[in-house]
Amino acid sequence: MKNFLRRRVDIATCWASNRISVMDTLERYEDSYAIAEEFREWILNIGANNENLKASVLNYPKELKDLLDQKVNE
């Protein structure tokens, strides 16, 4: 289980840092800060209750592609 959690943390770290970078590029600084805070809370609580591990999965937003496409087309 320890390796599983380590992989989850590595993947989530990449996910969060990439998403924060995208939000900063789009100049959506409040969203960027919110992601950082959500990730901080998630990372602090990931090992607290392994039965609820599925509930702690960070989901990639569906509207992000639309926002990026819109920004590129401007």
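These remarks concern the structure in this document. (Residues numbered from 1 in each chain as written. Predicted model: local features only at pLDDT ≥ 70, side-chain atom pairs only at ≥ 80, totals over all residues. Heavy atoms only, no water.)

1. Description of the overall build of the protein chain
Tallying secondary structure elements over the protein chain gives 3 helices and 0 strands in all. When its helices and strands are written in sequence order, the protein chain yields α-α-α. For the protein chain, the proportion of its 74 residues judged to be buried stands at 24%. Contacts in the protein chain between residues far apart in sequence, at least 24 positions, make up 66% of those at least 6 positions apart. Accessible surface, the protein chain as shown: approximately 5,800 Å² in total, 52% of it carbon and sulfur. (Helix = DSSP H or I, 4+ residues; strand = E, 2+ residues; numbered from the N terminus. Buried < 20%, exposed > 50% of the residue type's maximum accessible area, 1.4 Å probe, protein only. Contact = heavy atoms within 4.5 Å. Areas by Shrake-Rupley, 256 points an atom, 1.4 Å probe, with all protein chains shown as cover.)

2. Focus on the nonpolar core
One finds A12, W15, A16, F39 and W42 forming the largest nonpolar core, which totals 5 residues. If you list the elements that add at least two residues to this core, you get helix 1 (2-25) and helix 2 (29-45). For this core, the element with the most residues is helix 1, which contributes 3 residues. (Core = buried A, V, L, I, M, F, W, Y, C linked by side-chain atoms within 4.5 Å.)

3. So, the environment of I35
The residue I35 is located in helix 2 in this model. As a C-alpha pair, I35 and S17 span 18 residues in sequence and 9.0 Å in three-dimensional space. Contacts of I35, omitting those with residues within four sequence positions, involve A16, R19, I20 and M23.

4. Some words on the pattern of salt bridges
Following the criterion strictly, the structure yields 2 salt bridges and no others. Two residues, D31 and R28, come together in a salt bridge whose shortest N-O distance is 2.4 Å. Owing to a relative accessible area of 30%, R28 belongs among the partly exposed residues under this scheme. (Salt bridge = Lys/Arg side-chain N within 4 Å of Asp/Glu carboxyl O.)

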